[in-house]
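These are the residues of each chain, in order.
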Amino acid sequence: MKTLVIAEHDNTRLATATLNAITAATRFGGEVDILVAGHRCDAAAAQAASLAGTRRVLKADAAHYADALAENLAVLIRGMAGSGGYRAILAGASSFGKNLLPRVAALLDVAAISDVVAIDAPGRYQRPIYAGNVLVAVESDQPLDVLTVRTTAFDPAATGGSAPVEPVASGPDLGLSRVTGRELSKSERPELGAAAIVVSGGRGLGSGENYQRLLEPLADRLGAALGASRAAVDAGFVPNDYQVGQTGKIVAPGLYIAVGISGAIQHLAGMKDAKVIVAINKDPDAPIFQIADYGLVADLFEAVPALTAGLA
Amino acid sequence: MENALKILVPVKRVVDYNVKVRVRSDQGGVELAGVKMSINPFDEIAVEEAVRLREAGTASEVIAVSCGGAACQETLRSALAMGADRAILVESDIELQPLAVARLLQAVALREQPQLVICGKQAIDDDANQTGQMLAALLGWPQATFASKVLPGDGTLTVTREIDGGLETLALKLPAVVTADLRLNEPRYATLPNIMKAKKKPLEVMPAAGFGVDIAPRLRHTRHAEPAARKGGIKVADVAELVNKLRNEAKVI
């Protein structure tokens with residue numbers, strides 16, 4: 001029972017979501033192939049080959065794969081699925097996977113299954129719906145399933161493999177779209193989706209200046225990633241890629257510190273699987289306190305600097 | 001208006017954003033009896049964007065389309081009250097999964113020949129985030145998902161997308177499919193006069209069976225459950241107690 005994992009990468013390094021997807025693919029119990037489609041992507045392919053559980057790395061190297069455009073990749077993957085005899089095609093449920101895999105599924109005339117959190121058997125999956133308030137068991141009798149997997153539900157694949165890298169023929173350049181610009185956040189901090197500790201801020205911080213002044217020193221002290229509620233992103237305190245929640249990033253760190261976040265269900269959907277949740281909010285009735293392990297009812301403008309100092 | 005766009009906007013009827021859903025005792029689904037239903041919030045953003053493009057003279061017509069039971073007419077009236085020009089209900093009483101909806105929308109697009117489809121990026125009931133991408137695949141059109149900015153040009157569309165690492169800008173050839181993210185716009189509230197006017201706008205009902213496409217469900221949703229509720233913890237008195245608990249009880253720092 002073979003599976004194909006679609007690697008997400010920048011031609012040099014794999015995204016961590018791909019490591020989680022490889023672990024999910026091993027739950028099918030068979031051989032795992034990894035497709036690295038990119039341009040001058042030898043480094044990414046070599047990293048994929050070093051991962052435990054990989055049977056082989058299939059490398060499609062062409063200029064029209066440089067930017068991971070869904071139109072070109074979907075046609076390539078459709079061709080490989082036809083000849084490869086795969087039981088499942090998987091990718092992480094990141095913006096890359098969510099953009100690409102439904103397109104692949106439609107080309108293959110199969111249903112896609114999004115945000116899978118458990119693979120009980122081939123064709124037997126579990127996924128959250130209604131912002132994580134309901135978990136549904138999904139059964140498929142399709143010969144081929146197309147899945148995006150929630151990264152927090154599967155450990156990242158370990159290194160220690162030495163799979164061969166085999167070139168595969170490129171598909172056509174459809175020329176339907178092209179990337180004209182990217183504004184990527186640059187940060188020395190851990191990736192939000194994979195961090196052990198997340199410090200997250202909400203509307204209660206009042207401004208972007210306050211967010212930086214209060215939360216960055218705390219995150220620096222803890223080696224934490226920074227996150228935010230939708231309200232804080234909408235208000236322009238931080239960029240969109242900080243958002244944690246139903247429609248933002250899903251995180252499950254060991255420690256999640258929610259500062260000035262009231263706790264709308266859409267936010268809780270993105271962080272309620274954290275091992276330990278701390279909430280700091282001046283409103284004792286804020287819903288975040290209902291799920292927090294440690295709640296501190298306090299003025300965050302005093303409590304956060306004191307916490308940062310207290311951790312020294 | 002010669003080059004103005006005809007825009008198709010698919011809308012879905014879902015359990016209202018503010019409702020706390022409950023699983024039915026037979027685990028076959030969530031309780032829908034007596035529950036408030038609304039237009040999917042992301043679809044509302046899609047309608048708003050299309051109406052703004054028409055108001056700016058970039059679009060000539062905005063057509064709202066919904067696939068589902070007769071009650072979806074309410075959802076379409078919401079879109080009409082926001083400013084859509086006319087509406088189409090593709091009526092079906094069977095459960096429609098994303099691939100089936102994409103196939104029906106493909107059939108509507110082939111009939112209506114829009115240059116642009118703007119969908120919500122996901123519906124807040126099944127959280128699938130699939131239909132727009134599937135529709136783009138079936139039509140062979142380019143796609144721009146998670147859009148936070150849409151700028152039409154001459155035969156092209158420039159779209160800024162919210163991606164994991166930040167923002168990405170794509171240039172697409174038209175026709176194209178765009179899916180709306182939260183920050184694309186803030187939808188207007190329908191005014192009472194516009195709600196009244198919407199009642200008189202054309203709403204065409206077409207049986208799904210008439211399109212002759214395969215809409216049978218491909219997946220079975222066999223068991224619904226509420227995840228184990230997280231237990232609330234304790235309130236700490238001050239920062240010193242918090243640090244102590246994190247160090248010595250939770251041992252996470």
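Residues numbered from 1 in each chain as written. Chains lettered and ligands numbered in written order. Predicted model: local features only at pLDDT ≥ 70, side-chain atom pairs only at ≥ 80, totals over all residues. Heavy atoms only, no water.

Draft legend 1. The domain arrangement of chain A, seen in detail. Residue and element names in this part refer to chain A. You can read the domains of chain A as domain 1 (2-167) and domain 2 (192-310). Between the C-alpha centres of domain 1 and domain 2 the distance comes to 31 Å. Summing the contributions of domain 1 and of domain 2, the shared interface buries around 640 Å²; its carbon and sulfur component is 54%. Between the two partners, domain 1 and domain 2, sit 0 salt bridges. Inspection of the domain 1/domain 2 interface yields 1 residue pair in polar contact (both at pLDDT 80 or more). Taken together, the residues that form the side of domain 1 that touches domain 2 break down as 1 nonpolar, 4 polar and 1 charged. (Domains from an automatic or database assignment. Buried area = accessible area lost by both parts, 1.4 Å probe. Salt bridge = Lys/Arg side-chain N within 4 Å of Asp/Glu carboxyl O. Polar contact = N/O pair within 3.5 Å; in protein donor to acceptor, adjacent residues only side chain to side chain. Nonpolar A, V, L, I, M, F, W, Y, C, P; charged D, E, K, R; others polar.)

Draft legend 2. The arrangement of a nonpolar patch on the surface in detail. Residues and elements named next belong to chain B. A contiguous nonpolar surface patch, about 280 Å² in accessible area, is contributed by L192, I195 and M196. Residue placement: M196 occurs in helix α5 (residues 192-198). With relative accessibility at 43%, the residue M196 sits in the partly exposed group. (Patch = residues over 30% accessible without salt bridge, like charges linked within 9 Å, V, L, I, M, F, W, Y side chains within 5 Å. Areas by Shrake-Rupley, 256 points an atom, 1.4 Å probe, with all protein chains shown as cover. Helix = DSSP H or I, 4+ residues; strand = E, 2+ residues; numbered from the N terminus. Buried < 20%, exposed > 50% of the residue type's maximum accessible area, 1.4 Å probe, protein only.)

Draft legend 3. Seen up close, the packing of helix α3 (residues 70-84) of chain A against helix α4 (residues 95-107) of chain A. Residue and element names in this part refer to chain A. Where α3 contacts α4, the two axes come as close as 9 Å, and the packing angle between them is 50°. The angle between α3 and α4 falls in the class oblique. Between α3 and α4 lies a crossing whose hand is right-handed. Residues A70, E71, L73, A74, V75, I77 and R78 of α3 form the contact with α4, whose own contacting residues are F96, N99, L100, R103, V104 and L107. (Axes fitted to C-alpha atoms, helices over the stretch in contact; angles between N-to-C directions. Parallel < 35°, antiparallel > 145°, perpendicular 65-115°, else oblique. Left-handed = near helix turned anticlockwise from the far one by under 90°. Contact = heavy atoms within 4.5 Å.)

Draft legend 4. Region of the structure containing the interface of chain B and chain A. Contacts between the two partners involve 74 residues from chain B, matched on the other side by 85 residues from chain A. Carbon and sulfur atoms make up 53% of the area that chain B and chain A hide from each other, which totals about 6,700 Å². Viewed at the interface, chain A and chain B are joined by 7 salt bridges. In this structure, A:E139 and B:R220 form a salt bridge, with 2.9 Å as the shortest nitrogen-oxygen distance. Counting across the interface, chain B meets chain A through 46 residue pairs in polar contact (both at pLDDT 80 or more). Per-element accounting of the side of chain B that touches chain A gives the leading share, 8 residues, to strand β9 (residues 166-173) of chain B. For the side of chain B that touches chain A, the per-class residue count stands at 36 nonpolar, 15 polar and 23 charged.

Draft legend 5. Summary view of the sheet that holds strand β16 (residues 294-297) of chain A. Taken in spatial order, the 6 strands of this open sheet run β13(A)-β12(A)-β14(A)-β15(A)-β16(A)-β13(B), and their pairing is parallel. Of all the strands in the sheet, just β13 (225-228) of chain A together with β13 (234-235) of chain B have a single pairing partner and so form its edges. Bridge analysis of strand β15 (residues 276-281) of chain A against β16(A) gives 4 bridges, and the strand direction is parallel. Paired with A:I280 across the strands is A:L296, a residue of β16(A). (Pairing = 2+ DSSP bridges.)

Draft legend 6. Representation of the UniProt feature "domain: Electron transfer flavoprotein alpha/beta-subunit N-terminal" (unreviewed entry) in chain A. When the UniProt feature table is mapped to this numbering, "domain: Electron transfer flavoprotein alpha/beta-subunit N-terminal" (unreviewed entry) covers residues 3-183 of chain A. Along residues 3-183 of chain A the backbone is 26% helical and 35% strand, and the end-to-end C-alpha distance reaches 34 Å. (UniProt positions renumbered as here; feature names shortened; annotations may be inferred.)

Draft legend 7. Expanded view of unusual backbone geometry. Here B:L174 and B:P175 are connected by a cis peptide whose omega angle stands at 0°. One can find B:P175 in the loop between β9 and β10 (176-180). The residue A:N11 is not glycine, and still its phi comes out positive at about 80°. As for its position among the elements, A:N11 is in the loop between β1 (2-6) and α1 (16-26).

Draft legend 8. The arrangement of the nonpolar core in detail. By size, the foremost hydrophobic cluster in this structure holds 56 residues, and its most contacted members are A:L4, A:I6, A:L35, A:I77, A:I89, A:L100 and B:V90. With 8 residues, helix α3 (residues 98-112) of chain B is the single largest residue contributor to this core. Those residues within four positions of A:L35 in sequence are excluded, and the remaining contacts are A:L4, A:V5, A:I6, A:A7, A:L58, A:A60, A:L76, A:I77, A:M80 and A:V168. In this structure, A:L90, A:I113, A:Y130 and B:V23 belong to the second largest nonpolar core, which totals 41 residues. (Core = buried A, V, L, I, M, F, W, Y, C linked by side-chain atoms within 4.5 Å.)

Draft legend 9. Molecular detail of the pattern of salt bridges. Residues and elements named next belong to chain B. The tally for this structure, following the rule as stated, stands at 37 salt bridges over all chains. Ionic pairing is found between D85 and R54, a salt bridge with its closest N-O pair at 3.0 Å. Pair noted here: D85 is in the loop between α2 (72-82) and β5 (86-91) and R54 is in helix α1 (residues 41-55), with a separation of 31 residues, a long-range link. Linking E204 and R111 is a salt bridge whose minimum nitrogen-to-oxygen distance equals 3.0 Å. Of this pair, E204 sits in strand β11 (residues 203-207) while R111 sits in helix α3, and the two are 93 residues apart along the sequence. Accessibility expressed as a relative area gives 39% for R111, which makes it partly exposed.

Draft legend 10. Main features of the pairing of strand β8 (residues 134-140) of chain A. Within β8(A), 6 of the 7 residues are buried, leaving the element largely enclosed by the surrounding structure. In this structure, strand β7 (residues 124-129) of chain A lies alongside β8(A), joined through 6 bridges in antiparallel fashion. Across the sheet, residue A:P128 finds its bridge partner in β8(A), namely A:L135. A loop of 4 residues connects β7(A) with β8(A), the two strands running antiparallel in sequence, and A:Y130 in this loop sits at a positive phi of about 50°. Pairing geometry for β8(A) and strand β12 (residues 219-225) of chain B, over 6 bridges, is antiparallel. Among the inter-strand pairings, A:E139 is bridged to a residue of β12(B), identified as B:R220.

Draft legend 11. Quick peek at the pairing of strand β6 (residues 116-120) of chain B. Residues and elements named next belong to chain B. A large share of β6 lies buried, amounting to 5 of its 5 residues. Of the two faces of β6, the one holding L116, I118 and G120 and the one holding V117 and C119 are both buried throughout. Both strand β1 (residues 5-10) and β6 contribute to a ladder of 2 bridges, which runs parallel. For I7, the partnering residue across the bridge sits in β6 and is L116.

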